[in-house]
Every structure is written in C-alpha cells, then in structure tokens.
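Notes for the structure review
Chain by chain, the residues run as shown.
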Amino acid sequence: MSQPPFSPAQARAARQRIGLAPEQVTVAMGQLGVVRSVTALLCWEAGTLAPTEVELFALADALWCPVPVLMDLQPRSLREHRLARQFTAERLARRIGMDPPAYTRAENDHHWQGTDRQTLLLAEALGLEPDRLLRVISQAGELDELLRQAVEGRWKQYTAPLARLAGVPERTAAKALRTLHQEYAGFHERYMGHLVARSDDARLKEIAADRAAWLHALADRFLHLVS
C-alpha cells in the first residue's frame, strides 16, 4: 500500500503550536501503542521519510491534531475519507461486514460492489450521506481513468475535465499534470536505458513494478499535488 498523503510542514507546525519537544511526541505515540524513535519523527518533519497510516493516526492523536490537517488536504477519495476518520482498511472492512481484501480492491479500483447495508454502514463510518459517498466513489473512478489517459498521451487536453472533477483551477490542474507526465516519462526512460544497456531481468522487473505501483496510486498523487 502506498504511503498516505503527509505534510512535513503541517506536522512540524502542529508540534510547535502545542509546545512539545520531539521526545515528548514519541513518548505520547508510544503510550498509544506505536513506538517510534525521535529520529523517525524528525525525518517525517524533514520530509525524508513519510509515516505509515498507523503512524499517521498515532501522530495526529499525539499532536491533538486532525488527520486531514497533517495530510494538508480536504478528503476527496474514498481512501482519504477513510484516513480522515482514522480507519485502517482492515478495520473499516470489519466494521461494515466486508472481506478486507474485497474492500481494499474497491478502494484501489474505485469500483464499489458492496451491498446496500454495507454502503449504509460505510457512509455512517465515514460521516457521509450515502449519495455523497457514491459520488465520491464514482468521481474517483472517472478521475483515475482520465489521469491514466493524460500521463500516457497528450496531457494538456485533459486539464479542463480533471480540474472540474477535482474542483480546482485549470492552472493548478495543469501544473500537477505536467509533473505527473514528467514522472511517467521518467519510468519509460529508465526502462529503455536499462534495456539498451542489457541490464538483467531483475532490474527491468523492478522498474516495471515501480511503474505499476506509481500508476496504482495515481489518483491520490494527483489530488495531493492539487491540494
């Protein structure tokens, strides 16, 4: 699973706002059952490492800070709404009576196939009206499809529809799409470079796996860039 959206600056500001030293934050996290070193915390604040979902939740509690503040965004996707409510995918799946792998697929694929009861329980857990929840899921699916077309082709023609879906100015969407297109091109350049150099299959497979993981998290990456 990809790392959750995280703002080092917001985390640092939240800690300073309540006057806690890094050591005090890690002690508080430890009391919540998440034991991490001061070095790890400082790396998060410096942006050289990012916390996992569980670490993000513990950090938010230790700092008395809502998770969306540390993510520095307004939740848009199903995953972001889940993170905002401090649910792991497995815990949320259990709460709504769904098999965890099935829930994870629904979240990753932006395709909801839950029963009416599961949909109502999901909406309740996330604090959303059922119709709002279904809009979130369907918009995310459309967003994912358009983004893949944009990074694989001429991204500029997708600026307007993606800006409307994300609810941001076209200039903001264009900047994000340019970045994503460059990142995607980077995978192709790396792959072709190693192919020409006749690198071993393991290295080529590693690059392909990195590209697949990047595409898997494409919608979250875009929403983070435009937030």
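Just above sits the structure.
As a starting point, this report considers the structure included with it.

Procedures and definitions
Just so you know, the residues in each chain are numbered from 1, in the order the chain's sequence is written. With pLDDT at 70 or above as the cut-off, local features in this predicted model cover only qualifying residues; side-chain atom pairs require 80 or more to be listed or tallied, and sums for whole chains, interfaces and linings still use all residues. To obtain the side-chain values, all non-hydrogen atoms of the structure were used and water was disregarded. We count a stretch as a helix when DSSP gives it H or I for four or more residues in a row; a strand needs E for two or more, and each element gets its number in order from the N terminus. With a 1.4 Å probe rolled over the protein chains alone, any residue whose accessible area is under 20% of its type maximum counts as buried; one over 50% counts as exposed, and the rest are partly exposed. Think of a polar contact as two N or O atoms within 3.5 Å of one another; within protein, one of them needs to be a possible hydrogen donor and the other a possible acceptor, and neighboring residues in sequence only count if both atoms come from side chains. Working rule for contacts: check all heavy atoms of both residues, and any pair within 4.5 Å makes them a contact. Axes here refer to lines fitted to C-alpha atoms; in helices the fit is confined to the stretch in contact. Angles between the N-to-C directions go from 0 to 180 degrees. Small angles under 35 degrees read as roughly parallel and large ones over 145 as roughly antiparallel, with 65 to 115 read as roughly perpendicular and the rest as oblique. When the near helix sits turned anticlockwise from the far one by under a right angle, the crossing is termed left-handed; a clockwise turn instead gives a right-handed crossing. The salt bridge criterion pairs a side-chain nitrogen of Lys or Arg with a carboxyl oxygen of Asp or Glu, the two atoms within 4 Å. Stacked, tilted and edge-to-face pairs are distinguished by plane angle, under 30 degrees for stacked and over 60 for edge-to-face with tilted covering the rest, among Phe, Tyr and Trp rings (Trp via its six-membered ring) whose centres lie within 6.5 Å. Of all possible arcs, the one meant is that of the directions from the helix axis to the C-beta atoms. Residue types Ala, Val, Leu, Ile, Met, Phe, Trp, Tyr and Cys, when buried and joined through side-chain atoms within 4.5 Å, form a set referred to as a nonpolar core.

**As for unusual backbone geometry**
- With phi around 50 degrees, Trp64 is a residue other than glycine that occupies positive phi space.
- Take Trp64: it is sitting in the loop between α4 (53–62) and α5 (67–71).
- The class of Trp64 is exposed, set by a relative accessible area of 78%.
- Positive phi, normally seen in glycine, also occurs at Asp72, with a value near 60 degrees.

**Notes on the side chain of Ser7**
- Here Ser7 lies in the segment before α1 (8–17).
- Taking relative accessible area as the criterion, Ser7 reaches 10% and is therefore assigned buried.
- Here Gln10 takes part through its backbone nitrogen, which lies 3.1 Å from a polar atom of the side chain of Ser7.
- Setting aside chain neighbours within four positions, we find Ser7 in contact with Leu70, Met71 and Asp72.

**So, the packing of helix α7 (residues 89–96) against helix α9 (residues 116–126)**
- Between α7 and α9, the least distance of the axes is 9 Å, while the angle of their chain directions is 130 degrees. One element, α7, and the other, α9, form an angle in the oblique class. Here α7 and α9 pass one another in a crossing that is right-handed. Along its contact with α7, which presents Leu92, Arg95 and Ile96, the element α9 presents Gln118, Leu121, Leu122, Glu124, Ala125 and Leu126.

**A closer look at the pattern of salt bridges**
- Under the counting rule described, the total for this entry stands at eight salt bridges.
- When the shortest N-O distance is used, the salt bridge between Arg82 and Glu107 registers 2.8 Å. Of this pair, Arg82 sits in helix α6 (residues 78–84) while Glu107 sits in helix α8 (residues 100–109), placing them 25 residues apart in sequence.
- A relative accessible area of 0% places Arg82 in the buried class.
- Residues participating in the shared-partner salt-bridge network are Glu53, Arg79, Arg82 and Glu107.

**Looking at the packing of aromatic side chains**
- By the definition in use, this model includes two aromatic pairs.
- For the pair Tyr103 and Trp112, a centre-to-centre distance of 6.4 Å together with 75 degrees between the ring planes defines the contact as edge-to-face.
- Of the residues examined, Tyr103 reaches a relative accessible area of 0% and is grouped as buried.
- Both rings, one in Tyr184 and one in Trp214, keep their centres 6.0 Å apart while their planes meet at 40 degrees; by these two values the pair is tilted.

**What to know about α9**
- When we look at burial in α9, the residues that qualify are Gln118, Thr119, Leu122, Ala123, Ala125 and Leu126. Looking down the long axis of α9, one finds its buried residues gathered within 165 degrees of arc, a one-sided arrangement. Exposed residues lying more than 90 degrees from the buried face of α9 are Asp116, Arg117, Leu120 and Glu124.
- Among the residues trailing α9, Gly127 stands out with phi positive, at a value near 70 degrees.

**A short note on the nonpolar core**
- If you look at the biggest cluster of nonpolar residues, it comprises 25 residues, and the most contacted ones within it are Leu147, Leu162, Trp214 and Phe222.
- Among the secondary structure elements, those contributing two or more residues to this core are α10 (130–152), α11 (159–166), α12 (170–196), α13 (201–216) and α14 (218–226).
- Sorting elements by how many residues they give to this core places α12 first, with seven residues.
- Among all residues touching Leu162, those that are not within four sequence positions of it are Leu143, Leu146, Leu147, Ala150, Leu177 and Phe222.

**A look at the side chain of Glu53**
- Note on placement: Glu53 falls in helix α4.
- The buried category is assigned to Glu53, whose relative accessible area is 10%.
- Looking at Glu53, its side chain comes within polar contact range of the side chain of Arg82, at 2.9 Å.

**Some words on the environment of Gly114**
- Mapped onto the fold, Gly114 is located in the loop between α8 and α9.
- On a C-alpha basis, the gap between Gly114 and Ala102 in space is 9.0 Å, while along the polypeptide they are 12 residues apart.
- Excluding residues within four positions of it along the chain, Gly114 makes contact with Met98 and Thr119.

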